[in-house]
Amino acid sequence: MTGIALSSTLFHLQIVKLSNSMVFDLDLIKKLYSEMPAKVDDARKTLGRPLTLAEKILYAHLWNGVDVKEYERGKAYVDFAPDRVAMQDATAQMALLQFDTTGRKTVAVPSTVHCDHLIVAKVEGKADLNKAVTDNEEVYNFLASISNKYGIGFWKPGAGIIHQVVLENYAFPGGMMIGTDSHTVNAGGLGMIAIGVGGADACDVMAGLSWELLMPKLIGVKLTGKLNGWTSAKDVILKVAGILTVKGGTNAIVEYFGEGAQSMSCTGKGTICNMGAEIGATTSTFGYDESMSRYLKATGRAAVAEAADKIKECLTGDAEVYANPEKYFDRVIEINLSELEPHLNGPFTPDLATPISQMKEAAAKNGWPTKIEVGLIGSCTNSSYEDISRAVSLAKQVKAKGLKLKSEFTITPGSEQVRYTIERDGFLNVFEEIGATVFANACGPCIGMWDRMGAEKQEKNTIVHSFNRNFAKRADGNPNTMAFVASPELVTALAIAGDLNFNPLTDTLTNDKGEQVKLDPPNGDELPVKGFAVEDAGYQAPAEDGSKVQVAVKADSKRLQLLYPFAAWEGTDLKGLKLLIKAKGKCTTDHISMAGPWLKFRGHLDNISNNLLIGATNFFNEKTDNVKNQLTGEYGTVPNTQRAYKAAGIGTIVVGDENYGEGSSREHAAMEPRHLGVRVVMVKSFARIHETNLKKQGMLALTFANKEDYEKIQEDDAIDVIGLTNFTPGKPLQVVLNHKDGSSETIIANHSYNEQQIEWFKAGGALNVIRSQFAK
């Protein structure tokens with residue numbers, strides 16, 4: 001595969017050749033660092049105690065005028081001033097369509113767009129990239145032009161996955177950023193507070209407004225010992241996921257510390273922080289250390305490392321905190337890296353953690369297919385130079401020991417810089433010699449953009465990958481594909497063996513001479529010995545003056561659609577709402593607004609709304625995309641049923657189970673129901689980002705005061721929400737269930753709206769509030 005230079009004439013912006021002398025935002029970073037010691041000292045004195053790293057960064061980023069005081073964790077909403085915003089192409093479309101309506105001339109903070117989500121993995125990198133450029137020309141042109149207009153840095157298709165590119169170019173110790181992707185948290189590997197948000201939040205910050213966050217709880221993870229042999233940083237987060245589960249980190253920042261943390265590479269830290277999204281954490285982070293300094297210097301940012309060195313005591317937790325963590329964290333977990341075993345997590349959920357030594361027993365007990373069809377390494381979670389170099393050390397043993405790959409094997413580089421460097425160092429040749437396929441520098445299979453041959457047959461099968469999520473249908477659209485998450489090196493070993501039962505720590509393989517051979521433990525370089533290299537990193541700088549740039553959206557476009565304000569609240573209680581669906585069990589944003597083939601409609605709200613809740617299981621018939629239309633008594637798809645209610649002017653309610661809306665940050669999962677006329681989402685509990693997204697869009701997000709009341713919701717209910725005329729923070733609402741038999745019962749619904757969020761609801765959405773401010 002060649003680099004990212006494309007023959008298409010799509011992009012006409014200024015192409016910037018990145019070099020080791022180019023550092024983004026250096027003045028911003030120096031200004032933050034010059035002010036940070038005084039802000040940290042002020043917070044420490046005011047609170048009267050030592051501070052965690054997370055607290056230092058949070059207090060250093062309080063919005064101007066916000067009081068320095070002890071905010072109650074998990075209860076208090078606080079306004080912050082993030083340093084930057086990052087958007088991937090699938091979510092950037094809607095975020096920038098919203099920003100385009102604010103009336104601003106340029107973004108208020110440094111912002112970037114990264115084209116990584118719309119590239120389908122099918123053949124190999126170069127062919128797949130060229131096809132994506134042709135298929136998505138309209139969207140790429142839109143993103144390039146609107147970025148040019150509003151002063152946004154643009155990373156064109158092929159440049160790499162947003163989180164890898166951010167780590168290589170923008171992340172810095174002690175900074176705060178938000179990104180329109182749940183795995184923005186990856187930047188915690190460089191000591192940031194980096195948080196995934198919806199596009200409406202990004203719009204606020206780009207418009208120069210404060211960003212509101214529930215003051216997170218603090219979870220401390222003390223790492224002792226040192227990784228060795230087959231164990232990698234990935235196994236740390238796989239272990240943590242098993243401990244905390246997919247919602248154990250909700251509304252919390254996970255802070256890693258200890259000798260084990262300092263012994264790991266910066267990109268290894270990034271891997272751990274990246275998958276913190278799978279435990280529901282607000283974000284995860286590590287204190288600044290030598291590994292971060294080495295990475296900054298290797299990626300051309302020695303000036304940032306030098307500046308960080310001068311205030312390094314502000315860029316890690318206070319010594320007293322780490323000496324007595326139980327006094328300062330809400331929960332403390334301790335993991336001995338020297339004793340940690342490689343893990344395989346899954347299938348169907350990233351928190352089902354199984355040590356490799358127990359997988360044979362677990363597979364037999366659960367009836368999991370043990371033949372591995374495909375092994376996939378890369379993704380935003382594990383595509384660093386270190387990851388690839390450790391995997392290639394195993395790939396080299398295939399030829400050297402007379403073995404053959406027993407499974408298909410794919411590699412997805414995280415950025416053009418990594419891809420170019422591993423090609424220079426001969427790694428790609430090694431992979432190709434054993435029959436592996438190198439995909440484009442993009443998300444690909446990790447987000448369902450994998451055109452996998454035979455997936456439509458929906459056969460039961462097993463794959464292993466180094467990605468972060470493994471929900472049903474996530475990778476290939478097949479609900480019967482059992483995906484297990486592991487480190488790149490373990491995935492490589494399992495692809496060589498072709499067997500889920502294979503334990504490379506103890507087991508042998510039969511080579512072409514009939515001999516029993518054992519794989520040597522992986523080894524690799526933290527950073528390239530010859531340094532990173534790249535011809536064209538794929539960055540395009542915006543125009544210095546974008547006032548004359550035209551952003552064209554065709555009226556008949558199937559991919560893009562200009563936005564119009566949602567209607568304001570009518571000022572009355574909501575009565576006569578029809579039940580659209582009572583979702584049973586896990587209902588992630590993938591279930592609410594699927595990715596894969598639907599990604600192409602991310603800029604067209606009406607078209608993408610045709611996937612609304614099509615993956616959710618209906619409590620009453622155990623089917624997906626099949627609900628009762630109360631107007632006709634017939635069953636139909638969720639989107640068509642909801643469109644019928646909208647046409648009749650009838651509002652609806654969606655009822656859900658625990659951790660509703662976990663997974664990707666996609667705000668489409670909130671905008672689609674809003675667009676089609678859903679008024680209320682009432683669940684047992686919400687995932688953090690999704691709840692915020694619903695509030696931003698003017699939706700009513702409620703939780704059952706008594707979770708058992710979920711059982712009282714009947715299929716033919718008409719539902720009233722009472723108390724909205726006195727909607728105030730902390731005051732529950734009444735929900736009246738009017739049953740088909742004429743009876744009714746009243747249940748209590750809680751909410752977490754503060755005064756500002758109530759104004760969003762009344763105005764019909766946060767964007768309407770912003771628009772009114774700039775119209776003054």
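Conventions we followed
Residues numbered from 1 in each chain as written. Predicted model: local features only at pLDDT ≥ 70, side-chain atom pairs only at ≥ 80, totals over all residues. Heavy atoms only, no water. Core = buried A, V, L, I, M, F, W, Y, C linked by side-chain atoms within 4.5 Å. Buried < 20%, exposed > 50% of the residue type's maximum accessible area, 1.4 Å probe, protein only. Contact = heavy atoms within 4.5 Å. Pairing = 2+ DSSP bridges. Helix = DSSP H or I, 4+ residues; strand = E, 2+ residues; numbered from the N terminus. Axes fitted to C-alpha atoms, helices over the stretch in contact; angles between N-to-C directions. Phe/Tyr/Trp six-rings, centres within 6.5 Å; stacked < 30°, edge-to-face > 60°. Right-handed = clockwise from strand over helix to strand, strands pointing away. Salt bridge = Lys/Arg side-chain N within 4 Å of Asp/Glu carboxyl O. Disulfide = S-S within 2.5 Å. Polar contact = N/O pair within 3.5 Å; in protein donor to acceptor, adjacent residues only side chain to side chain. Parallel < 35°, antiparallel > 145°, perpendicular 65-115°, else oblique. Left-handed = near helix turned anticlockwise from the far one by under 90°. Nonpolar A, V, L, I, M, F, W, Y, C, P; charged D, E, K, R; others polar.

Engineer: Help me out: how do you make sense of the nonpolar core in this one?
Structural biologist: By size, the foremost hydrophobic cluster in this structure holds 186 residues, and its most contacted members are Leu223, Tyr256, Leu344, Phe409 and Phe431. Sequence-distant contacts of phenylalanine 431, that is, excluding residues within four places in its chain, are made with Ile377, Ile388, Ala391, Val392, Ala395, Phe409, Ile411 and Ala436. Listed in part, the 48 residues of the second largest apolar core include Ile581, Ala669, Ala701 and Tyr710.

Engineer: Would you explain the sheet that holds strand 30 (residues 733–738) in this entry?
Structural biologist: Two strands in a sheet stick together by hydrogen bonds in their backbones, pointing the same way (parallel) or opposite ways (antiparallel). Read once around its circumference, the closed barrel built from 7 strands follows the order 23-26-27-28-31-30-29, with strand pairing classed as mixed. Recorded for the sheet is a direction-independent mean angle of 40° between the axes of neighbouring strands. By the bridge criterion, 5 bridges tie strand 29 (residues 718–722) to strand 30 in an arrangement that is antiparallel. Opposite aspartate 720, over in strand 30, you have valine 736 as the bridge partner.

Engineer: Where do I start with the packing of aromatic side chains in this structure?
Structural biologist: To describe a pair of aromatic rings, one takes the distance between the centres and the angle between the planes. In the structure shown here, the tally under the stated rule is 22 aromatic pairs. Taken together, a centroid distance of 6.4 Å and an interplanar angle of 85° make the contact between tyrosine 385 and phenylalanine 532 edge-to-face. Linking tyrosine 385 in helix 15 (residues 385–400) with phenylalanine 532 in the loop between strand 21 (516–517) and strand 22 (539–541), this pair joins segments that are 147 residues apart in sequence. As far as burial versus exposure is concerned, tyrosine 385 and phenylalanine 532 are alike and both buried. Grouped by ring-pair contacts, the aromatic residues Phe24, Trp155, Tyr170 and Tyr539 constitute a single cluster.

Engineer: So what exactly am I meant to see when it comes to unusual backbone geometry here?
Structural biologist: Trans peptide bonds make up the majority, and among non-glycine residues the majority have a negative phi. Note that the residue after glycine 346, namely proline 347, is joined by a cis bond; omega there is 5°. Not every positive phi belongs to a glycine, and asparagine 251 is a case in point at roughly 60°. By the element assignment, asparagine 251 lies in the loop between helix 8 (233–244) and strand 10 (252–257).

Engineer: Even after reading the chapter, I still don't get the environment of glutamate 433, so can you show me in this structure?
Structural biologist: Examined against the element boundaries, glutamate 433 turns out to sit in helix 17 (residues 427–433). Sequence-wise, glutamate 433 and aspartate 387 are 46 residues apart; in three dimensions their C-alpha atoms are separated by 19 Å.

Engineer: I'm lost on the pairing of strand 27 (residues 678–683) in this one. Help?
Structural biologist: Each regular strand carries side chains that alternate between the two faces of the sheet. Counting buried positions along strand 27 yields 5 of 6 residues, so the element is predominantly enclosed. The pairing of strand 26 (residues 652–656) with strand 27 spans 5 bridges and is parallel. Residue valine 655 lies in a different strand from strand 27, and its bridge partner there is methionine 682. In this fold, strand 26 hands off to helix 22 (residues 668–676), which returns the chain to strand 27; that crossover is right-handed. As judged from the 4 bridges shared by strand 27 and strand 28 (residues 700–704), these two strands associate in the parallel manner. Opposite valine 680, over in strand 28, you have leucine 700 as the bridge partner. Following the backbone out of strand 27, through helix 23 (residues 688–696) and into the adjacent parallel strand 28, one traces a crossover that is right-handed.

Engineer: What exactly am I supposed to notice about the pattern of salt bridges here?
Structural biologist: Opposite charge on two side chains allows them to pair when their charged atoms are near. Counted according to the given criterion, the structure contains 38 salt bridges. The shortest N-O distance in the salt bridge between arginine 666 and aspartate 590 comes to 2.6 Å. Of the two residues, arginine 666 sits in the loop between strand 26 and helix 22 while aspartate 590 sits in helix 19 (residues 589–592), which places them 76 residues apart along the sequence. For the pair arginine 666 and aspartate 590, one class covers both residues: buried.

Engineer: Which parts of the structure should I look at to understand the state of the cysteines?
Structural biologist: Cysteine pairs can be linked by a disulfide, which is a covalent bond between their two sulfur atoms. Taken as a whole and assessed by the stated rule, the structure comprises 0 disulfides. This cysteine, cysteine 380, is not joined by any disulfide, and cysteine 446 carries the nearest cysteine sulfur, 5.4 Å off. Under the relative-accessibility criterion, cysteine 446 is labelled buried at 4%.

Engineer: Even after reading the chapter, I still don't get the side chain of aspartate 476, so can you show me in this structure?
Structural biologist: Within the fold, aspartate 476 resides in the loop between strand 18 (461–465) and strand 19 (481–485). A distance of 2.9 Å separates a polar side-chain atom of aspartate 476 from the backbone nitrogen of asparagine 478. Within polar-contact distance, the side chain of aspartate 476 engages the side chain of threonine 481 at 2.7 Å. The residues contacting aspartate 476, other than those within four sequence positions of it, are Trp450, Arg452, Ala455 and Thr481.

Engineer: Is there a simple way to explain helix 11 (residues 290–298) in this structure?
Structural biologist: Within an α-helix, residues lying three or four positions from one another point in the same direction, as the helix has 3.6 residues per turn. All of the buried residues in helix 11 are Ser291, Met292, Ser293, Tyr295 and Leu296. On its buried face, helix 11 is in contact with helix 6 (162–169), helix 10 (266–274), strand 11 (283–286) and helix 12 (302–310). Backbone geometry just downstream of helix 11 places glycine 300 in the positive-phi region, at approximately 80°.

Engineer: Can you walk me through the packing of helix 3 (residues 89–99) against helix 7 (residues 199–206) in this structure?
Structural biologist: A pair of packed helices can be characterised by two numbers: the angle between their axes and the separation between those axes. Running from N to C, helix 3 and helix 7 point in directions that differ by 45°, and their axes come no closer than 9 Å. Put simply, helix 3 runs oblique to helix 7. Here helix 3 runs over helix 7; the crossing is right-handed. Contact residues: helix 3 offers Ala95, Leu96, Gln98 and Phe99, while helix 7 offers Gly199, Ala200, Cys203 and Met206. The residue makeup of the contact of helix 3 with helix 7, split by class, is 6 nonpolar, 2 polar and no charged.

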